[in-house]
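Read off the chains here:
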Amino acid sequence: AADVRRLKRRIDALAAAEEEEDEAKPVSTFVALSALGWTAFVRSKGLSAGDDTYLIYLADLRARMDPPVSDGYLGNCSRGCLATANAGDLLGERGLLRAARAVRASVAEMEAAPLAGTERWIERVMRLPFSRLANVAASPRFRVYEAADFGFGRPARVELVSMNNDGEMVLVGGRNDGEVQLSVSLDPARMDEFKAHVLGIH
């Protein structure tokens, strides 16, 4: 929890240094951790400054529909979202802020028109270069340690085993209150660089 707070303060400080007025809304835990994971992905992959890079994730639309989906609905109600940035912008000193802004912009786009582009989403994603594509699954709001208590007590560790093999991050609520667990599936040769960026961001 303390690490997440420090990460958010870091993004706020980068925004303040640029004297930007568009950062009034506090950065969310999802945006902050997605930005951190995305910048680490770009560094570990060795992407060049001229490459575009992409981050995809799914958004829950139930409360965003008009009218909202009822509590009794059973089924999927989500859509894919895409954030885009130049790798060079994410590699620089302010890369974390640039990534956070790109993720935040994609969230705002989804909130403005929840169903826009859903009919061609798969087609759009399949045209992207997978070597420059990272994706985020789940959400810090998913309380997996509570959901996985089947009467034997809270588990010591919960992991999503069906992950892409080179560029997926899974965010779920941690074992203790206020914590977030970030799991990563990445080419083992690139994992040390990824880990060094994540742990060194403070």
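Predicted, not measured: the structure shown is a model, and the values here were computed from it.

(A) Local environment of the pairing of strand E4 (residues 168-173). A large share of E4 lies buried, amounting to 6 of its 6 residues. One ladder, built from 5 bridges, connects strand E3 (residues 133-139) with E4; its direction is parallel. If you follow Ala137 over to E4, its bridge partner there is Val170.

(B) Geometry of a nonpolar patch on the surface. Among the surface-exposed residues, Ile122, Met126 and Phe130 lie close enough to one another that they form a single nonpolar patch of about 350 Å² accessible area. Position of Phe130 among the secondary structure elements: in the loop between helix H5 (121-126) and E3.

(C) Looking closely at the packing of helix H2 (residues 29-45) against helix H4 (residues 95-112). Where H2 contacts H4, the two axes come as close as 8 Å, and the packing angle between them is 125 degrees. The orientation of H2 relative to H4 falls into the category oblique. Between H2 and H4 the crossing geometry is right-handed. Between H2, through Phe30, Val31, Ser34, Ala35, Leu36, Trp38 and Thr39, and H4, the contact on the second element is made entirely by Gly95, Leu96, Ala99, Ala100, Ala102, Val103 and Arg104.

(D) Region of the structure containing the packing of helix H1 (residues 2-17) against H2. It is the contact of H1 with H2, at a shortest axis distance of 10 Å, that shows an interaxial angle of 80 degrees. In terms of orientation, H1 and H2 fall into the roughly perpendicular class. Taking contact as the criterion, the partners of Val4, Leu7, Lys8 and Ile11 in H1 are, on H2, Thr29, Ala32, Leu33 and Leu36. Split into classes, the residues belonging to the contact of H1 with H2 amount to 6 nonpolar, 1 polar and 1 charged.

Cut-off values and rules
- Each chain has its residues counted from 1, running along the sequence as written.
- In view of the model being predicted, local features appear only for residues whose pLDDT reaches at least 70, and side-chain atom pairs are presented and counted only at 80 or more, with totals across whole chains, interfaces and linings using the full set of residues.
- For side-chain calculations, the full set of non-hydrogen atoms in the structure is used, while hydrogens and water are omitted.
- For every residue, the accessible area (1.4 Å probe, protein chains only) is compared with the maximum for its type, and the residue is labelled buried under 20%, exposed over 50%, or partly exposed between those bounds.
- By the criteria applied, helices consist of DSSP H or I runs no shorter than four residues and strands consist of E runs no shorter than two, each listed in order from the N terminus.
- Two strands qualify as a pair provided that DSSP identifies no fewer than 2 bridges between them.
- Residues enter patches when their relative accessible area tops 30% and they take part in no salt bridge; the joining distance is 9 Å for like charges and 5 Å for the nonpolar side chains Val, Leu, Ile, Met, Phe, Trp and Tyr.
- Accessible surface area values rest on a Shrake-Rupley calculation with a 1.4 Å probe, where residue burial reflects the displayed protein chains alone.
- Throughout this description, the term salt bridge denotes a Lys or Arg side-chain nitrogen within 4 Å of a carboxyl oxygen of Asp or Glu.
- Each axis is a line fitted through C-alpha atoms, and for a helix only the stretch in contact is used; angles between axes span 0 to 180 degrees, taken between their N-to-C directions.
- Each angle receives one of four descriptions, namely roughly parallel if under 35 degrees, roughly antiparallel if over 145, roughly perpendicular if within 65 to 115, and oblique otherwise.
- By definition, any crossing whose near helix is turned counterclockwise from its far helix by less than a right angle is left-handed, and any crossing with a clockwise turn is right-handed.
- When checking whether two residues touch, look at their non-hydrogen atoms; a contact exists if any pair is within 4.5 Å.
- Polar here means any residue other than Ala, Val, Leu, Ile, Met, Phe, Trp, Tyr, Cys and Pro, which are nonpolar, and Asp, Glu, Lys and Arg, which are charged; Gly is therefore polar.

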